[in-house]
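Descriptive analysis of the structure
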Amino acid sequence: MTPEVLILGGGVGGTIAANLIAKKTAGGRAHGTVIDSTGIHVYQPGFLYLAVGQENPGALQRAEAQLLRPDVTLVVERAIRVDPDAKKVWLGSGRSLRYDQLLIATGSRTVMEEIPGGAGAHTFYSMVGAERLYQALGAFERGTIVIGVAGIPYKCPPAPVEFAFLLDDYLRSRGIRGQSEIKLLSPLNRAFTIEATSKLVQPILAERGIELTGFFNVESVDPIERTVTSIEGETVAYDLLVLVPPHRGQKVIDDSGLGDERGWVPVDKNTLKHKVHDSVWAIGDATNIPISKSGSVAHYEASIVAAEIAAAAKGEPAPTHVYDGKVMCFLETGKGQATTIRFDYDHPPTSPTPARRWHWAKALFNKTYWHTVPQGRVP
Ligand SMILES: Cc1cc2nc3c(=O)[nH]c(=O)nc-3n(C[C@H](O)[C@H](O)[C@H](O)COP(=O)(O)OP(=O)(O)OC[C@H]3O[C@@H](n4cnc5c(N)ncnc54)[C@H](O)[C@@H]3O)c2cc1C
């Protein structure tokens, strides 16, 4: 019987892995099926630009079927439970699919409801949220915009800093920066998780008049008084509040007993194999690996896990090449400039001085994404 590979999630990691596995097992040596709850592939980094009117929703989504090789089957349904002993995945419709190898690439879910009073806060962490934020910014004339983070880990650690810089540009372009304040609340003693890059961007935040407050882990919001309070006991007033919501693994992980207390899937940080269950792998935001939850990580991991799963499906020895913790991200610093962040398990993060060329490199990456990344090509 042809070995069956099930891939849960048709986001960045799942799509790349599915295409690469199909390529490596062409000729009927395995068959791959992607199960995705929406069938729509969303390019989330674009939400930042959508929120400040530099992008439109249509450019940030494509039908998943268009991105998969023709020999990969797409099932548009929500996976609700995995039974790793029976090697089956149960779908919302009640039917089940069997697998020989299972790749979990379900990403993360945001849970604003975990923040008391947070329901009305703005966010650029979803398409709908970014569109609503753009509308609210259009109506904003003066006052204080507060950007807060409601818990670590969250995907794309530099995103709140990038948003602060893009917001600064946006308010300047509308001629209302002089009558507005931007306050960035960070859960750490620096701008965001990566120390070297925080040191680089903090003076630029100060130069642009963006006030940074450290050790502010958002605990609750009072939408009547328009204040946000931290676990540390500090309260800050706002006119417009933008929050990065708390993140969790998907419900299917909890309901299948495959994750930790926040629903992150425990995997070996090199092989990406589940720590307990055979023939189960996970990549991207879904894992518990203490590394940035980012598209770049999902991308690098997908090519490693595809080689491992293809070898397992064909009954060949496991490849020796493993995931080395490689991360490469861009960080917009406003005024048409950006920097990059690169590191791996053995090398600490480095970031060059912000320059126009990194901003254009990010813009090029965003524009060429649909023709390069899902297919597993490194642009
Ligand atoms: C504002 C913002 C800016 C960002 N900027 C960057 C950036 O500049 N660089 C970068 O590298 N990363 C960035 N990211 C992060 C990046 O988008 C994510 O880390 C990346 O998408 C994770 O890939 P993934 O494959 O793990 O999950 P996702 O791409 O989120 O895909 C998960 C898929 O699983 C599906 N799914 C979930 N549950 C189920 C289920 N039960 N059954 C079936 N299907 C299911 C979903 O429908 C989805 O298609 C940004 C994110 C945001 C929000």
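Refer to the structure printed above.
Anyway, here's the lowdown on the structure attached to this text. (Residues numbered from 1 in each chain as written. Predicted model: local features only at pLDDT ≥ 70, side-chain atom pairs only at ≥ 80, totals over all residues. Heavy atoms only, no water.)

1. Points about the nonpolar core
Counting residues in hydrophobic clusters, the biggest one holds 104 residues, and the most contacted among them are Val89, Ile104, Phe124 and Phe163. Those residues within four positions of phenylalanine 163 in sequence are excluded, and the remaining contacts are Leu48, Ala51, Val52, Phe124, Leu133, Leu137, Ile147 and Val242. (Core = buried A, V, L, I, M, F, W, Y, C linked by side-chain atoms within 4.5 Å. Buried < 20%, exposed > 50% of the residue type's maximum accessible area, 1.4 Å probe, protein only. Contact = heavy atoms within 4.5 Å.)

2. As for the environment of proline 223
Looking at the secondary structure, you find proline 223 in the loop between strand S14 (218-222) and strand S15 (227-230). A C-alpha to C-alpha distance of 8.2 Å links proline 223 and alanine 121, two positions 102 residues apart in sequence. If near-sequence neighbours (up to four positions away) are discounted, proline 223 is found in contact with Gly117 and Tyr238. (Helix = DSSP H or I, 4+ residues; strand = E, 2+ residues; numbered from the N terminus.)

3. A word on the environment of histidine 359
Relative to the helices and strands, histidine 359 resides in helix H9 (residues 356-372). Note on histidine 359: relative accessible area 16%, which makes it buried. Setting aside residues no more than four positions away along its own chain, histidine 359 makes contact with Glu332, Gly336, Gln337 and Ala338.

4. So, the sheet that holds strand S16 (residues 235-237)
Each strand in a sheet pairs with another by means of backbone hydrogen bonds, the pair being arranged parallel or else antiparallel. Taken in spatial order, the three strands line up as S14-S15-S16 in an open sheet, and their pairing is antiparallel. In the strand order of this sheet, the two ends are held by S14 and S16, each with one partner. In this sheet, neighbouring strand axes are inclined to one another by 20° on average, regardless of whether the strands run parallel or antiparallel. Across four bridges, S14 lies against S15 in antiparallel orientation. Along S15, the bridge assignment pairs valine 221 with valine 228. (Pairing = 2+ DSSP bridges. Axes fitted to C-alpha atoms, helices over the stretch in contact; angles between N-to-C directions.)

5. Focus: the site of the ligand
Near the ligand lie 30 residues; those nearest to it are Gly13, Asp36, Ala79, Asp285 and Ser296. The contact in question runs from an oxygen atom of the ligand to an N or O atom on the side chain of aspartate 36, over 2.7 Å. One of the backbone nitrogen or oxygen atoms of glycine 295 is found 2.9 Å away from an oxygen atom of the ligand. Considered on its own, the ligand offers 1000 Å² of accessible surface; in the complex 92% of this is hidden by protein. Listing elements by their share of the shell around the ligand, those giving two or more residues are helix H1 (12-24), strand S2 (31-36) and helix H8 (295-314). Among the elements that make up the shell around the ligand, the one with the highest residue count is H8 (three residues). (Near = heavy atom within 4 Å. Polar contact = N/O pair within 3.5 Å; in protein donor to acceptor, adjacent residues only side chain to side chain. Areas by Shrake-Rupley, 256 points an atom, 1.4 Å probe, with all protein chains shown as cover.)

6. Focus: H9
The first and last C-alpha atoms of H9 sit 23 Å apart over 17 residues, in line with the 24 Å expected at 1.5 Å per residue. Largest kink in H9: about 35°, centred on asparagine 366. Buried within H9 are the following residues: Trp358, His359, Lys362, Asn366, Tyr369, Trp370 and Thr372. (Expected span 1.5 Å × (residues − 1). Bend = angle between axes of the 7 residues up to and from the residue.)

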